[in-house]
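# Geometric and topological summary
This is what each chain is made of:
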Amino acid sequence: MKQLEERLGYLFHDRSLLENALTHSSYANENKQKGEASNERLEFLGDSVLGMVVADHLFRSHPDMPEGELTRTRAALVCEPGGGGPKAGAGAVSQAGPR
């Protein structure tokens, strides 16, 4: 985790939260006896925050855009095809478990 913090230039106050954020559900399921929790709850929260920020930006930037088009545009920007979460989600930095 220290190497990640160095690369990001940010020190996390609660490293356990960082480890949880980077723990994929498949790893957590395989390591239930260790009490590992997956990142799914944090991912849900992050997806919701990202959706709100994008919705606010679209709403303010496109005052004449109808609601249906705002919804479709937000979904295209925030969600993967099939509703799997943000396009730029944690998959790029997620790992099979804490290191």
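The coordinates are above.
Because the structure is a prediction, the values reported are computed rather than measured. (Residues numbered from 1 in each chain as written. Predicted model: local features only at pLDDT ≥ 70, side-chain atom pairs only at ≥ 80, totals over all residues. Heavy atoms only, no water.)

### Digging into the side chain of Glu 5
- Looking at where Glu 5 falls in the secondary structure, it is placed in helix H1 (residues 2-8).
- The class for Glu 5 is buried, based on a relative accessible area of 2%.
- Within the structure, Glu 5 has its side chain in polar contact with the side chain of Arg 15 (distance 2.4 Å).
- Contacts of Glu 5, omitting those with residues within four sequence positions, involve Tyr 10, Leu 11, Phe 12 and Arg 15. (Helix = DSSP H or I, 4+ residues; strand = E, 2+ residues; numbered from the N terminus. Buried < 20%, exposed > 50% of the residue type's maximum accessible area, 1.4 Å probe, protein only. Polar contact = N/O pair within 3.5 Å; in protein donor to acceptor, adjacent residues only side chain to side chain. Contact = heavy atoms within 4.5 Å.)

### Some remarks on helix H4 (residues 40-61)
- Taking 1.5 Å of rise per residue, 22 residues should cover 32 Å, and H4 covers 31 Å from first to last C-alpha, within 8% of that figure.
- Within the sequence span of H4, burial applies to Gly 51, Val 54 and Leu 58. Along the long axis of H4, the arc covered by the buried residues comes to 75 degrees, so they all point the same way. Across from the buried face of H4, at angles greater than 90 degrees, the exposed residues are Arg 41, Leu 45, Met 52, His 57, Phe 59 and Arg 60.
- Check the buried side of H4 and you find it contacts helix H5 (67-78). (Expected span 1.5 Å × (residues − 1). Arc of directions from axis to C-beta.)

### Observations concerning the packing of aromatic side chains
- Tallied over the entire structure, the rule returns one aromatic pair.
- Summarising the aromatic geometry, the rings of Tyr 10 and Phe 12 are spaced 4.9 Å apart at their centres and angled 80 degrees between planes, so their arrangement reads as edge-to-face.
- What makes Tyr 10 partly exposed here is its relative accessible area of 44%.
- Taking relative accessible area as the criterion, Phe 12 reaches 28% and is therefore assigned partly exposed. (Phe/Tyr/Trp six-rings, centres within 6.5 Å; stacked < 30°, edge-to-face > 60°.)

### Some remarks on the nonpolar core
- Counting five residues, the largest nonpolar core consists of Val 54, Leu 58, Met 65, Leu 70 and Val 78.
- Listing elements by their share of this core, those giving two or more residues are H4 and H5. (Core = buried A, V, L, I, M, F, W, Y, C linked by side-chain atoms within 4.5 Å.)

### Here's the deal with the packing of H4 against H5
- Where H4 contacts H5, the axes come no closer than 10 Å and their chain directions differ by 135 degrees. As summarised for this structure, H4 and H5 are arranged oblique, according to the angle between their axes. As for how H4 packs across H5, the hand of that crossing is right-handed. Listed contacts from H5 to Asp 47, Leu 50, Gly 51, Val 54, Ala 55, Leu 58 and Phe 59 of H4 are Leu 70, Thr 73, Arg 74, Leu 77 and Val 78.
- Across the contact of H4 with H5, the residue classes tally to eight nonpolar, two polar and two charged. (Axes fitted to C-alpha atoms, helices over the stretch in contact; angles between N-to-C directions. Parallel < 35°, antiparallel > 145°, perpendicular 65-115°, else oblique. Left-handed = near helix turned anticlockwise from the far one by under 90°. Nonpolar A, V, L, I, M, F, W, Y, C, P; charged D, E, K, R; others polar.)

### Structural notes on the side chain of Asn 20
- Relative to the elements of secondary structure, Asn 20 occurs in helix H2 (residues 15-21).
- A polar side-chain atom of Asn 20 sits 3.0 Å from the main-chain carbonyl oxygen of Ser 38.
- Ignoring anything within four residues of it in the chain, the contact list for Asn 20 reads Ala 37, Ser 38, Asn 39 and Leu 42.

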